[in-house]
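# Coordinates in review
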Amino acid sequence: MSTATAFKPLFENFVFETVSCYSCGSASSKEFIVAQDDLTGKPGSFRFVTCQDCGLTYQNPRIRIDRIKSYYDDEYIAHRKKTDWGRLTWFYNWVMDRHDIDKDRIIRRYVELGPQSEILDVGCAVGTFLQKMRTLYDARVSGVDFKDLSHSSTLDGVEFHCGLFYNQRLASGRFDLVTMWHFLEHDYDPLRTLLMAKRVLKPEGRLVIEVPRLDSVTFRLYRERWPGLQAPQHTVLFERRTLLNLIEKCGLEVVDYLPYGAFPPYFYIFAGAAFKILKGRGLNLSKAIVPYFLGQILLLPLLMAERQLNLAMQTVICRRKP
Ligand SMILES: [Zn+2]
């Protein structure tokens, strides 16, 4: 046995930990899929299992929380630290702004906002969505992220909290709107997160959760290369049923369920095809940006029917039970 092989289990114990089901606590599970870090191409295999008691799919073992930060490095696209995309920068900014406008299109159907409104975005990254809320409604905005992004100029005017959401000192019943745009699938304790969200919501407040949808067309198409696996950052993969189970378990009432979100499903269509070809070598976004937008133009007729096709995303709007 080589030295490297001898030390491998020791290294893995240091980085990984075994977990039980986030929803029902059961330790009984069966293997679901083994994934790679297709997005950045970092080495490693990551295993997802399905709970034999409640059907929730989650990563097990998972990377310990004190080790996961290195996977949210400067390349991590959702934190939007890369701002220079050359000649296409204006187009990139326009697309990102459209994403925040699409978030607003969803929330404005469920909550009336104004200068007195308090909004909290959990997993706010550099805060562009919260800035959009300030611009549109003059609302008071707060954000939480476990990465310290407080130096970002886009967080000016945002009450920024660094750390885990459920460890923050936030007053009960404070917020009119709490949003989680692609946050819950990264969470290490989603049950605790939802209970915290319920606590900080006003009695008439709304919680909006968008996550990738496991029982969707793009998962069936790409399986172990489905972009929604996003190993190792995604700790939980939600079907419609398992997401609603978890929400109801926390004493939240579902106001509406949407088989789509603000996140463009085309990203999953494009990235899944690229991951199939690249087989874990990582996607170079600078090189992919031109084929990405050309493909989007070609698929425009399909994407216009996105809300009927269950392509990749799901959004739940909920409230505290009266
Ligand atoms: Zn379970």
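Note that this is a predicted model, so its numbers are computed, not measured.

### Considerations on the packing of helix α3 (residues 89-107) against helix α4 (residues 128-137)
Packing of α3 against α4 brings their axes to within 10 Å, and their N-to-C directions diverge by 60 degrees. Comparing their axes, α4 and α3 come out oblique. Here the hand of the crossing between α3 and α4 comes out right-handed. Only T128, F129, K132, M133, L136 and Y137 of α4 make contact with α3, whose side of the interface consists of D97, D100, I101, K103, D104 and I107.

### Side note on the packing of helix α8 (residues 265-278) against helix α9 (residues 285-298)
Where α8 meets α9, the axes come as close as 10 Å, and the angle between the chain directions of the two elements is 120 degrees. Taken together, the axis directions place α8 and α9 in an arrangement best described as oblique. Relative to α9, the crossing made by α8 is right-handed. Within the contact between the two elements, α8 uses Y266, F267 and F270 and α9 uses A288, P291, Y292, G295 and Q296. Of the residues in the contact of α8 with α9, the class split is six nonpolar, two polar and no charged.

### Structural notes on the environment of P190
Inspection of the secondary structure assignment puts P190 in helix α5 (residues 190-200). In this structure P190 comes out as buried when scored by relative accessible area, which is 1%. Once residues within four sequence positions are removed from consideration, P190 is found in contact with Y22, L184, V236 and L246.

### What about the packing of aromatic side chains?
Per the stated rule, a full pass over the model turns up 14 aromatic pairs. Here F263 and F267 contribute two aromatic rings whose centre-to-centre distance is 5.8 Å and whose plane-to-plane angle is 90 degrees, an arrangement assigned as edge-to-face. The two residues F263 and F267 agree in class, both being buried. Through pairs of rings, three or more aromatic residues link up here, namely F32, F219, W226, F263, Y266, F267, Y268, F270, Y292 and F293. Taking NZ or CZ as reference, R240 lies 4.1 Å from the ring centre of Y257, over its face.

### Brief notes about the pattern of salt bridges
For side chains of opposite charge, pairing can occur when their charged atoms come near one another. Under the defined criterion, the tally for this structure stands at 16 salt bridges. Of the charged contacts in the structure, one is a salt bridge between K132 and D97, with a shortest N-O distance of 3.0 Å. Taken as a pair, K132 in helix α4 and D97 in helix α3 lie far apart in primary sequence, 35 residues in all. E159 is the partner of R174 in a salt bridge, and the nearest nitrogen-oxygen pair spans 3.0 Å. Here R174 is found in the loop between β8 (159-162) and β9 (175-181), whereas its partner E159 is found in strand β8, with 15 residues between them in sequence. Here the residues in one salt-bridge network are E118, R140, E159 and R174, joined through shared partners.

### Looking at unusual backbone geometry
A cis amide bond links N60 with the next residue in sequence, P61, at an omega value of 0 degrees. With respect to the secondary-structure elements, P61 resides in the loop between β4 (57-59) and β5 (62-63). In this chain, A231 is followed by P232 through a cis amide linkage whose omega measures 0 degrees. As for its placement among the helices and strands, P232 is situated in the loop between α6 (217-222) and β11 (236-237). Although it is not a glycine, Q230 adopts a positive phi angle of roughly 30 degrees. Tracing the backbone through its elements, the reader meets Q230 in the loop between α6 and β11.

Thresholds applied
Residues numbered from 1 in each chain as written. Predicted model: local features only at pLDDT ≥ 70, side-chain atom pairs only at ≥ 80, totals over all residues. Heavy atoms only, no water. Axes fitted to C-alpha atoms, helices over the stretch in contact; angles between N-to-C directions. Helix = DSSP H or I, 4+ residues; strand = E, 2+ residues; numbered from the N terminus. Parallel < 35°, antiparallel > 145°, perpendicular 65-115°, else oblique. Left-handed = near helix turned anticlockwise from the far one by under 90°. Contact = heavy atoms within 4.5 Å. Nonpolar A, V, L, I, M, F, W, Y, C, P; charged D, E, K, R; others polar. Buried < 20%, exposed > 50% of the residue type's maximum accessible area, 1.4 Å probe, protein only. Phe/Tyr/Trp six-rings, centres within 6.5 Å; stacked < 30°, edge-to-face > 60°. Lys NZ or Arg CZ within 6 Å of the ring centre and 35° of its normal. Salt bridge = Lys/Arg side-chain N within 4 Å of Asp/Glu carboxyl O.

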